[in-house]
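# An overview of the molecular structure
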Amino acid sequence: MTTEPRLRMALIGCGFFAQNHLHAWASIPGVEIVAVCDRDAAKAEAARTTFGAARAYTDAAAMMAAEKLDFVDIATTMQTHRALVELAASHGVHVIVQKPLAPSIEDCRAIVEICERAGLRLMVHENFRFQSPILAARKALAEGRIGRAHFLQASFRSGYDVFSGQPYLATEKRFILIDLGIHILDVCRAIMGEVETLYCQTQHINPKIAGEDVATSLIRHQNGGVSIVDCSYASRRLPEPFPQTLLRIEGEHGTIELLEGYRLRVTSEGTVTEQSVEPETPAWTQKPWHVLQESVLNLERHWVESWRAGKSPETSGADNLRTYGLVMAAYASAESGSIIQPAA
Ligand SMILES: NC(=O)c1ccc[n+]([C@@H]2O[C@H](COP(=O)([O-])OP(=O)(O)OC[C@H]3O[C@@H](n4cnc5c(N)ncnc54)[C@H](O)[C@@H]3O)[C@@H](O)[C@H]2O)c1
């Protein structure tokens, strides 16, 4: 049982994905949802009553002035992140921010600098690397079951209609790389390490949306490894695999495969083992979203554990700048047709 004081938090942006944040915070002992905020009063009030927050606000500045908080969780879309982080920093409040951190690398860097200068903890809500099946694959690699990895394919291919839940995605000129590719590129970094060069081709298949919906990247890592990261929302196939990320990691002594249906197959020194790594499903999760919803819980637990241990979270602002840099490198490559060295 924890004897530490409860962490007092507020959530800003009670929209589509924030419901998962709130369910997860409500299930973590040692965290108190003190307040919620949304420009839309009805959404703020609905979140307050559902999750038992003391107060609901429509203005983040008013909330920050009135409440005594340890941290805020910012779950708005990226255009608002920088101003909200500036606001939190002016009150000395630690911050979690949803991905993508901001619309430009300059704004992302500014967010990281604001928090560093104010001595505040900053974690980006980059949850894919915290999915149980991906954690299981990373664990098998860390245990040395295939030796040093020299090749990764990380693949997310789906035809799922993400636009009905998140209509703003259909009008963005840049779509799959910055919305979904950012996660898969982050998983790639978490498994294979930092990137030396990147080449990307994008495609625009669905005429009803503004941005690219397929992106295929070929990556050379600083340690000599090579990755293919392929993402698609234009893949029509049954059974629909949304939202599974599939992995193939090849190493000196074997291969780790994360296969459809959440099966982890490890070929190690000529022996094959296969197990289910499908996540546990708390009552508030719904298939097929459960793997994402459970990763939100894992990420929030990681925030609390790293806070208590006085450690930097794995997906700190500084760490996430590198993932964001890969997204920008992928766009630059797709636009110019050349191989790009991502910004350090
Ligand atoms: N990590 C993941 O797996 C995942 C999944 C889905 C969405 N997301 C991210 O979550 C973020 C939110 O996406 P969404 O689909 O939930 O969006 P949404 O539009 O459904 O919700 C955003 C909410 O923020 C509110 N808002 C905007 N500006 C505000 C402000 N200044 N103060 C208070 N409230 C404000 C809006 O009224 C809205 O209710 C995006 O950055 C998106 O990329 C992440």
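A quick note: this is a predicted structure, and the numbers were derived from the prediction, not measured.

Moving on, we come to the sheet that holds strand E3 (residues 55-57). Think of a sheet as strands paired side by side through backbone hydrogen bonds, with each pair either parallel or antiparallel. Overall, parallel pairing links the six strands, which are arranged E3-E2-E1-E4-E5-E6 in an open sheet. Every interior strand has two partners, whereas the edge strands, E3 and strand E6 (122-125), have only one. Here the average twist between neighbouring strands, direction ignored, is 25 degrees. In this sheet, E6 lies alongside strand E5 (residues 94-98) in parallel orientation, the contact comprising four bridges. Across the sheet, residue Ile 96 finds its bridge partner in E6, namely Met 123.

Moving on to the site of the ligand. In the vicinity of the ligand, 22 residues are found, and the nearest of them are Phe 17, Asp 38, Lys 99, Asn 127 and Tyr 168. In the model, an oxygen atom of the ligand is placed 2.9 Å from a nitrogen or oxygen of the Phe 16 main chain. Out of a free accessible area of 860 Å², the ligand has 88% covered by protein chains. Classifying every residue of the shell around the ligand by side-chain character gives seven nonpolar, ten polar and five charged. Residue contributions to the shell around the ligand reach at least three from each of two domains, namely domain 1 (7-120) and domain 2 (130-286 + 317-336).

All told, the structure shown has one cavity of 30 Å³ or more when counted by the stated rule. Taken as a whole, the largest cavity encloses approximately 30 Å³ of empty space. If you go around the largest cavity, the residues you meet are Gln 131, Pro 133, Gln 244, Thr 245, Leu 258, Tyr 262 and Val 291.

Turning next to the sheet that holds strand E12 (residues 254-259). Spatial ordering of the open sheet is given by E8-E9-E10-E7-E11-E12-E13-E14, a layout of eight strands whose pairing is mixed. Looking along the sheet, the strands with just one partner apiece sit at the ends: strand E8 (195-203) and strand E14 (271-276). Each strand axis lies, on average, 10 degrees off the axis of its neighbour in the sheet, ignoring direction. Here strand E9 (residues 214-221) runs beside strand E10 (residues 226-232); their pairing, made up of seven bridges, is antiparallel. Across the sheet, Ala 215 pairs through a bridge with Cys 231, a residue of E10. Helix H9 (residues 317-336) contacts E8 and E9 of the sheet and is inclined by roughly 55 degrees relative to E8.

What follows deals with the side chain of Lys 99. Among the secondary structure elements, Lys 99 is positioned in the loop between E5 and helix H5 (105-118). In this structure Lys 99 comes out as buried when scored by relative accessible area, which is 13%. At 2.9 Å, the side chain of Lys 99 and the backbone oxygen of Asp 179 are in polar contact. Ignoring sequence-local partners within four residues, the contact set of Lys 99 consists of Val 124, His 125, Glu 126, Ile 178, Asp 179, Ile 182 and His 183.

Moving on: helix H6 (residues 132-142). Every buried residue of H6 is accounted for by Pro 133, Ile 134, Ala 137, Arg 138, Ala 140 and Leu 141. For H6, the angular spread of buried residues about the axis comes to 160 degrees, placing them on one side. Residues Lys 139 and Ala 142 are exposed on H6 and point more than 90 degrees away from its buried face. Those residues of H6 that are buried lie in contact with strand E7 (149-157), helix H7 (176-192), strand E11 (246-251), E12, strand E13 (263-268) and helix H8 (290-309).

With that settled, the discussion passes to the domain arrangement of the protein. Taken domain by domain, the protein holds domain 1 (7-120) and domain 2 (130-286 + 317-336). Using C-alpha coordinates to define each centre, domain 1 is positioned 27 Å away from domain 2. At the interface, 17 residues of domain 1 touch 15 residues of domain 2. Of the roughly 1,300 Å² buried between domain 1 and domain 2, counting both surfaces, carbon and sulfur atoms make up 73%. When the area that domain 1 buries against domain 2 is broken down by residue, the three leading residues are Phe 16, Lys 99 and Ile 105, summing to 36%. One can count one salt bridge joining domain 1 with domain 2. Between Asp 179 and Lys 99 there is a salt bridge, with its nearest N and O atoms 3.2 Å apart. Where domain 1 meets domain 2, there are four residue pairs in polar contact (both at pLDDT 80 or more). Mapped by element, the contributors of at least two residues to the side of domain 1 that touches domain 2 are helix H1 (18-26) and H5. Among the elements that make up the side of domain 1 that touches domain 2, the one with the highest residue count is H5 (four residues).

Cut-offs and rules
Residues numbered from 1 in each chain as written. Predicted model: local features only at pLDDT ≥ 70, side-chain atom pairs only at ≥ 80, totals over all residues. Heavy atoms only, no water. Pairing = 2+ DSSP bridges. Helix = DSSP H or I, 4+ residues; strand = E, 2+ residues; numbered from the N terminus. Axes fitted to C-alpha atoms, helices over the stretch in contact; angles between N-to-C directions. Near = heavy atom within 4 Å. Polar contact = N/O pair within 3.5 Å; in protein donor to acceptor, adjacent residues only side chain to side chain. Areas by Shrake-Rupley, 256 points an atom, 1.4 Å probe, with all protein chains shown as cover. Nonpolar A, V, L, I, M, F, W, Y, C, P; charged D, E, K, R; others polar. Domains from an automatic or database assignment. 1 Å grid on protein atoms, 1.4 Å probe; cavity = no way out; pocket = protein on both sides within 12 Å on 5 of 7 lines; lining within 4 Å. Points joined across faces, edges and corners; volume = space filled by probe spheres on them. Contact = heavy atoms within 4.5 Å. Buried < 20%, exposed > 50% of the residue type's maximum accessible area, 1.4 Å probe, protein only. Arc of directions from axis to C-beta. Buried area = accessible area lost by both parts, 1.4 Å probe. Salt bridge = Lys/Arg side-chain N within 4 Å of Asp/Glu carboxyl O.

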